[in-house]
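# Results of the structural survey
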Amino acid sequence: MDALSPHLNPDSAGWRADAPTTKSLAEVNSTVAIPRGHWSRRLLAFVGPGYLVSVGYMDPGNWATDLAGGSKFGYTLLSVILLSNLMAILLQSLAARLGIVTDRDLAQACRATYSPAVNFLLWIACEAAIIACDLAEVIGTAIALKLLFGIPLIGGALLAALDAFLLLLLMNRGFRFLEAFVIALLAVIAVCFAIQIVAAAPPVAEVLRGFVPKTEIFTNSDMLYIAIGIIGATVMPHNLYLHSSIVQTRAYERNDTGRREAIKWATTDSTIALMLALFINAAILVVAAATFHKSGHSDVAEIGQAFELLSPLLGLGIASTLFAVALLASGLNSTVTATLAGQIVMEGFLDLRLPSWARRLLTRGIAIIPVIIVTAIYGERGTADLLVFSQVVLSMQLPFAVIPLVRFVSDRRKMGQFAIPKSVAAIAWIVAGVIVVLNLKLLADTLFG
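Reference entry: report on the structure contained in this document. (Residues numbered from 1 in each chain as written. Predicted model: local features only at pLDDT ≥ 70, side-chain atom pairs only at ≥ 80, totals over all residues. Heavy atoms only, no water.)

Where helix α4 (residues 78–102) contacts helix α14 (residues 256–293), the two axes come as close as 9 Å, and the packing angle between them is 155°. The angle between the axes of α4 and α14 places the two elements in the roughly antiparallel class. Crossing hand, α4 versus α14: right-handed. Of the residues contributing to the contact of α4 with α14, the split by class is 18 nonpolar, six polar and two charged. (Axes fitted to C-alpha atoms, helices over the stretch in contact; angles between N-to-C directions. Helix = DSSP H or I, 4+ residues; strand = E, 2+ residues; numbered from the N terminus. Parallel < 35°, antiparallel > 145°, perpendicular 65-115°, else oblique. Left-handed = near helix turned anticlockwise from the far one by under 90°. Nonpolar A, V, L, I, M, F, W, Y, C, P; charged D, E, K, R; others polar.)

Here's what the structure looks like:
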């Protein structure tokens, strides 16, 4: 995959000599000032990109696997959520490092390294993944609107198209407004699940034991399948492209000292944000375990089922409403960040710059059309199957994002003194290998049973 065309000679840094030098997300690049003074002020200036990235780790595509894991196996699979989150923390820190050190996002780095033919194939694969991700988010938003307001799924899918204009509005106000919007919705999700956990009152000792890995996960084929699904649905390929771009919105000094500090604060930001994602994913599983598994409803795997059963089983009238509100917030957040990732990928791989409104309507339209067709023909059950299919497509694309990322940040020609140590590179390759193997197994199991 790293073959260059004979006439495209790399420069001394390992980049193609004809690589474009356009800034990633040029309209907001280096627009967020970094104040001097106490370290806490500089940390706060870097807070934001990590939360945009964390959205992808708690999108509607993750909910089904967390619900299925909790309802069927109780707290056992909490260790899998923890493991997948640790993998995500490592990979996102590498994506941030790439963007800060090279002044390129992952898509631009691929364009500046590989031949045009390879780049075109990578772009097609990435676009397929973003459309699949968008598909899951449109379905999640449509289901939430139906649960809360009784809007038919087709109508909800059409309404989901309007959030393309929401992103345009927020970006026009400045990147900090977009970050504030995302963080506010994340807070809504966290509060909704915190209330449900209090109502469910899970046994603390059992929950803590769930974070300790058990051999049963590997010996029980049903449990292993859901565990693979949790990992496969957690690490989202578009997040690596997204993070490597949006860290460059900070106006850190573009020298060794400034980049070293930026890496430190960006990694801190994403680590804290992904711990919030860990809490929310774990909360979905804990609520499912304490509510459904405990009451013998071990077959709850769909969002609609969970909504109908939560309030009666918890004895809290507002529980189901909180669940749907959290789902709506998750869907809105995820569509905003996935659409932004789509812009980064198209501009990075193709150096093609469509008007913002055209790019966003195009990606939303591509995602909404199959939802409408499947809903019209097969009803709500069809959208549930479509949700699973979208996760399979994401699994297929993941290696094409993870492998180039680890290669780039390990390359001393490209990264100089900021190349990751051999020990970290070894861990990163192991993580990449585990993710690729598990995703391939998930793909094979899904397609062939």
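Alright, that's what it looks like, and here's the rest.
Note on placement: Thr 249 falls in the loop between α13 (237–246) and α14. Here Thr 249 falls in the buried class, since its relative accessible area comes to 1%. Sequence-distant contacts of Thr 249, that is, excluding residues within four places in its chain, are made with Val 28, Asn 29, Ser 30, Thr 31, Val 32 and Phe 175. (Buried < 20%, exposed > 50% of the residue type's maximum accessible area, 1.4 Å probe, protein only. Contact = heavy atoms within 4.5 Å.)

Right, let's get into the packing of α4 against helix α19 (residues 399–410). With their axes 10 Å apart at the nearest point, α4 and α19 run at an angle of 55° to one another. By the criterion of interaxial angle, the relationship of α4 to α19 is oblique. For the pair α4 and α19, the sense of crossing is left-handed. Here Leu 91, Leu 94, Ala 95 and Leu 98 of α4 come into contact with α19, specifically with Val 402, Leu 405, Val 406, Phe 408 and Val 409.

Below, the discussion takes up helix α6 (residues 116–149). An ideal rise of 1.5 Å per residue puts 50 Å on 34 residues; α6 measures up with 48 Å between its terminal C-alpha atoms. Most of α6 is tucked away, with 24 of its 34 residues classed as buried. Gly 150 occupies a position one or two residues after α6 and carries a positive phi of about 75°. (Expected span 1.5 Å × (residues − 1).)

Turning our attention to the packing of aromatic side chains. If you walk through the whole model with that rule in mind, you get eight aromatic pairs. Centroid distance Trp 63 to Phe 193: 5.4 Å. Interplanar angle 65°. Geometry classified as edge-to-face. Of this pair, Trp 63 sits in helix α3 (residues 60–73) while Phe 193 sits in helix α9 (residues 175–200); the two residues are 130 residues apart in sequence, bridging distant segments of the chain. Note on Phe 120 and Trp 123: the rings are 5.7 Å apart at their centroids and 45° apart in plane angle, and the pair reads as tilted. Here the residue Phe 120 and the residue Trp 123 both occupy positions in helix α6, the gap between them amounting to three residues, near one helical turn. Within the aromatic cluster, the residues linked to one another by ring pairs are Trp 15, Tyr 114 and Phe 408. Geometry around Phe 177 places Arg 173 over its ring, the cationic atom sitting 4.3 Å from the centre. (Phe/Tyr/Trp six-rings, centres within 6.5 Å; stacked < 30°, edge-to-face > 60°. Lys NZ or Arg CZ within 6 Å of the ring centre and 35° of its normal.)

Time to look at the nonpolar core. Of all hydrophobic cores here, the largest spans 144 residues; its most connected members are Leu 77, Leu 106, Leu 178, Phe 193, Phe 323, Leu 340 and Phe 349. For this core, the element with the most residues is α14, which contributes 19 residues. In contact with Phe 193, other than residues within four places in its own chain, are Trp 63, Ile 280, Ala 283, Ile 284, Val 287, Phe 323 and Ala 326. In terms of nonpolar packing, the next biggest core, distinct from the first, is built from seven residues, Ala 129, Ala 338, Val 393 and Leu 394 among them. (Core = buried A, V, L, I, M, F, W, Y, C linked by side-chain atoms within 4.5 Å.)

The next point concerns the state of the cysteines. Within the structure shown, the criterion is met by zero disulfides. Sulfur of Cys 110: no disulfide; nearest cysteine sulfur belongs to Cys 126 and is 8.7 Å away. Judged by its relative accessible area of 0%, Cys 110 falls in the buried class. (Disulfide = S-S within 2.5 Å.)

Across its 38 residues, α14 extends 53 Å between first and last C-alpha, which sits within 8% of the 56 Å expected from 1.5 Å per residue. The backbone nitrogen of Thr 257 lies 3.3 Å from a side-chain oxygen of the residue at the head of α14, namely Asn 255. (Polar contact = N/O pair within 3.5 Å; in protein donor to acceptor, adjacent residues only side chain to side chain.)

All told, the structure shown has eight salt bridges when counted by the stated rule. Notably, a salt bridge pairs Arg 42 with Glu 261, separated by 2.9 Å at the nearest N-O pair. A residue pair is termed long-range when its members are at least 10 positions apart, and Arg 42 in helix α1 (residues 39–46) and Glu 261 in helix α14 qualify at 219 residues. A relative accessible area of 26% means that Glu 261 is categorised as partly exposed. Arg 259 is the partner of Asp 103 in a salt bridge, and the nearest nitrogen-oxygen pair spans 2.6 Å. Within this pair, whereas Asp 103 is found in the loop between α4 and α5 (106–111), its partner Arg 259 is found in helix α14, the two being separated by 156 residues in sequence. Overall, the relative accessible area of 29% leaves Asp 103 in the partly exposed class. Each of Asp 103, Arg 254 and Arg 259 takes part in salt bridges that share partners, so that together they form one network. (Salt bridge = Lys/Arg side-chain N within 4 Å of Asp/Glu carboxyl O.)

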